[in-house]
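Listed below are the residues making up each chain.
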Amino acid sequence: MKKNIILMGPPGAGKGTLAKQLISLGMTHISTGDMFREEISNKTELGKLAASYIDDGHLVPDEVTIKMLRNRLARPDCENGFLLDGFPRTIPQAEALEIMSKEINRPIETVISLKCDEQELIKRISGRLVCKVCGAPYHIVNKKPIKEGICDKCGGELYQRKDDNEEALKVRLQHYTADTAPLLDFYKKRNLLVEYDSLIGSETLFDEVKKFLLS
Ligand SMILES: [Zn+2]
């Protein structure tokens, strides 16, 4: 089975759901945000280094991120595969990841890119609601709270994030497309890219992805 995976997709295309489904196959979900938080709170050398950049308001340099990622992907819990989400974002990062993942004998085997019609994404995202207190997600159509405007879990007030409106979303999608196009190209050239339309629904999508990973 192909098991070392990069997952890409615009906001609202169902990346979170697919990630959860893939975890059920035994893969470990790696988010670079979680990785930074862990290294920083454990006060590792790399964590301290990363924190020094973050505290100064700078981005963590790629070489620091790649070193952390190297340690993370080499851990035993990644033996059955890993799912990288939110990384790489640039070609230099993709190149460094390609070399590093081969060095630790856990090369990237597949890049899954989710596509979704822009109008559908707008419909999905512009209906999102979030609890002010506990952060639980709801949706005006797909996941209504029992009582309108009130969180089922904690009774908190539900609100719509400011950037979940149509105009802001169109801008986010344009950025996403512009930023990822070179990466999609990079992985296409290496025959690693598979693309899925997330309109087929999360269950069908997972079945298709599973079939492909096992092929
Ligand atoms: Zn709540």
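The structure this text deals with has already been given above.
It should be emphasised that the depicted structure is a prediction, and the values quoted were computed from it without experimental measurement.

### Details of the sheet that holds strand E1 (residues 4–8)
At step 1: Taken in spatial order, the five strands of this open sheet run E2-E3-E1-E4-E8, and their pairing is parallel. The outermost strands of the open sheet, each flanked by one partner alone, are strand E2 (28–31) and strand E8 (193–197). Each adjacent strand pair in this sheet contributes to an overall mean axis angle of 25 degrees, direction not counted.

### Focus: the coordination of the zinc ion
At step 1: Looking at the zinc ion, the protein donor atoms are Cys131 (SG), Cys134 (SG), Cys151 (SG) and Cys154 (SG), and they sit 2.3 Å from it.
At step 2: All donors of the zinc ion belong to a single chain; written as a sequence motif, their spacing is C-x2-C-x16-C-x2-C. With a gap of 23 residues between them, Cys131 in strand E5 (residues 128–131) and Cys154 in the loop between strand E6 (137–139) and strand E7 (158–159) connect regions that are remote in the sequence.
At step 3: Its relative accessible area of 3% is what places Cys131 among the buried residues.
At step 4: Residue Cys154 is classed as partly exposed on the basis of its relative accessible area of 39%.

### Points about the sheet that holds E6
At step 1: What the three strands build is an open sheet, ordered E6-E5-E7; its pairing is antiparallel. Every interior strand has two partners, whereas the edge strands, E6 and E7, have only one.
At step 2: Sheet analysis places E5 next to E6, joined by three bridges and oriented antiparallel. Paired with Arg128 across the two strands is His139, which belongs to E6.

### Digging into the pattern of salt bridges
At step 1: Within the structure shown, the criterion is met by 14 salt bridges.
At step 2: Residue Arg75 is joined to Glu38 by a salt bridge in which the shortest nitrogen-to-oxygen separation is 3.0 Å. Here Arg75 is found in the loop between helix H4 (62–73) and strand E3 (82–85), whereas its partner Glu38 is found in helix H2 (residues 32–41), with 37 residues between them in sequence.
At step 3: The exposure class of Arg75 is partly exposed, given its relative accessible area of 32%.

### Digging into the packing of helix H3 (residues 45–55) against H4
At step 1: Contact geometry of H3 with H4 gives a least axis separation of 10 Å together with a crossing angle of 150 degrees. Crossing of H3 over H4 shows left-handed handedness. Here Leu46, Gly47, Leu49, Ala50 and Tyr53 of H3 lie close against H4, whose contacting residues are Val64, Lys67, Met68 and Asn71.
At step 2: Split into classes, the residues belonging to the contact of H3 with H4 amount to six nonpolar, two polar and one charged.

Scoring rules and cut-offs
- Residues numbered from 1 in each chain as written.
- Predicted model: local features only at pLDDT ≥ 70, side-chain atom pairs only at ≥ 80, totals over all residues.
- Heavy atoms only, no water.
- Pairing = 2+ DSSP bridges.
- Helix = DSSP H or I, 4+ residues; strand = E, 2+ residues; numbered from the N terminus.
- Axes fitted to C-alpha atoms, helices over the stretch in contact; angles between N-to-C directions.
- Donors = N, O, S within 2.8 Å, 3.2 Å for Na, K, Ca; no water.
- Buried < 20%, exposed > 50% of the residue type's maximum accessible area, 1.4 Å probe, protein only.
- Salt bridge = Lys/Arg side-chain N within 4 Å of Asp/Glu carboxyl O.
- Left-handed = near helix turned anticlockwise from the far one by under 90°.
- Contact = heavy atoms within 4.5 Å.
- Nonpolar A, V, L, I, M, F, W, Y, C, P; charged D, E, K, R; others polar.

The values are spatial; any link to function lies outside them.
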